Amino acid sequence: MAKEKVPTVMKEKTGAAYNPLTDVTSALKITFNDYFHTLTPRLKLIDTFLAFLVALGILQFVYVVLIGNFPFNAFLGGFCSCVGQFVLTVSLRLHLKESMLEENNESDTPDSKKSKSDEDNTIGLANVGVERTFADFLFASLILHFIVYHFIN
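Computed from a predicted structure; not experimentally measured.

1. Some points on the pattern of salt bridges
Overall, the coordinates contain two salt bridges when judged by the stated rule. Here Arg93 makes a salt bridge to Asp47, at a shortest N to O gap of 2.5 Å. Pair noted here: Arg93 is in helix 3 (residues 72–108) and Asp47 is in helix 2 (residues 41–66), with a separation of 46 residues, a long-range link. Under the relative-accessibility criterion, Asp47 is labelled buried at 16%. Residues Arg132 and Asp136 are paired through a salt bridge, measuring 3.2 Å at the closest nitrogen-oxygen approach. Here Asp136 and Arg132 lie together in helix 5 (residues 130–152), a separation of four residues that amounts to about one turn.

So this is what it looks like as structure tokens:
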């Protein structure tokens, strides 16, 4: 039989025993600090609404699993409404984030021109105004909830 290699314990990073948990916690701290210091209140509000939609969808799913799904079309309507509104809100967030980045780039260097590779990498969301983006979001939300309302009867 061939000898199996026994994995060695990660030795040291700074002289003491290496603990990967400290790397994870420091990465999380950096991420949260960056999130809270760089985002606008508008994007934070959208993120809070997204978290609410996720919690509502999970709550509906847990209710169906634990209690039952007697009016199944009501569950499907409510759950599809949560998922659909989540998708529409993520789209709104992407548009707003892109327009925010575009405004920051224009205010930093007004005379500089974008290179060809920068134009290829953008997804074309900044050409649409914030008001138009919000109007599209409202219209799509109304259509979504109209469909859900007719699905439930």
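Next comes the rest of the write-up.
2. What to know about the confidence of the model for the protein chain
Residues shown with low pLDDT carry predicted positions that ought not to be read at fine detail. Averaged over all residues, the pLDDT of the protein chain is 81; the fraction at 70 or higher stands at 76%. Taking the mean pLDDT of every element in the protein chain, the minimum, 52, falls on helix 4 (residues 116–121) and the maximum, 94, on helix 2.

3. A short note on the side chain of Thr133
With respect to the helices and strands, the residue Thr133 is situated in helix 5. Given the relative accessible area of 6%, Thr133 is considered buried. Ignoring any residue separated from it by four or fewer positions in sequence, one finds Thr133 in contact with Leu92, His95 and Val128.

4. Quick look at the environment of Phe79
Positionally, Phe79 belongs in helix 3. Given the relative accessible area of 28%, Phe79 is considered partly exposed. In this structure the C-alpha to C-alpha distance between Phe79 and Phe61, which are 18 residues apart in sequence, comes to 7.7 Å. For Phe79, the contacting residues outside a window of four places in its chain are Gly57, Gln60 and Phe61.

5. Looking at the UniProt feature "transmembrane region" (unreviewed entry) in the protein chain
Those places that UniProt annotates as "transmembrane region" (unreviewed entry) correspond, in this numbering, to residues 45–66, 72–92 and 134–152. With 100% helix and 0% strand, residues 45–66 has end C-alpha atoms that lie 31 Å from one another. Taken end to end, residues 72–92 is 100% helix and 0% strand, and its first and last C-alpha atoms sit 30 Å apart.

6. Here we look at helix 5
Its 23 residues place the ends of helix 5 33 Å apart at the C-alpha level, agreeing with the 33 Å of an ideal helix rising 1.5 Å per residue. For helix 5, the set of buried residues is Thr133, Phe137, Ser141, Leu144 and Val148. Looking at the residues trailing helix 5, positive phi occurs at Asn153, about 80°.

Criteria and cut-off values
- Per chain, residue numbering runs from 1 following the sequence as it is written.
- Thresholds applied to this predicted model are a pLDDT of at least 70 for local features of residues and 80 or more for the giving and counting of side-chain atom pairs; totals over whole chains, interfaces and linings are not thresholded and use all residues.
- The basis for every side-chain value is the complete set of non-hydrogen atoms in the structure, without hydrogens or water.
- The salt bridge criterion pairs a side-chain nitrogen of Lys or Arg with a carboxyl oxygen of Asp or Glu, the two atoms within 4 Å.
- Secondary structure elements follow DSSP: runs of H or I of four or more residues count as helices, runs of E of two or more count as strands, with numbering from the N terminus.
- Only protein chains enter the area calculation, which uses a 1.4 Å probe; residues under 20% of their type maximum are buried, those over 50% are exposed, and those in between are partly exposed.
- Note on scores: pLDDT gives the predictor's confidence for each residue, bounded by 0 and 100.
- The contact definition used throughout considers only heavy atoms, calling two residues in contact when any of these lie within 4.5 Å.
- UniProt positions are given in the numbering used here, feature names are shortened, and annotations may be inferred rather than shown by experiment.
- Expected helix span is given by 1.5 Å per residue-to-residue step, counting one fewer step than there are residues.

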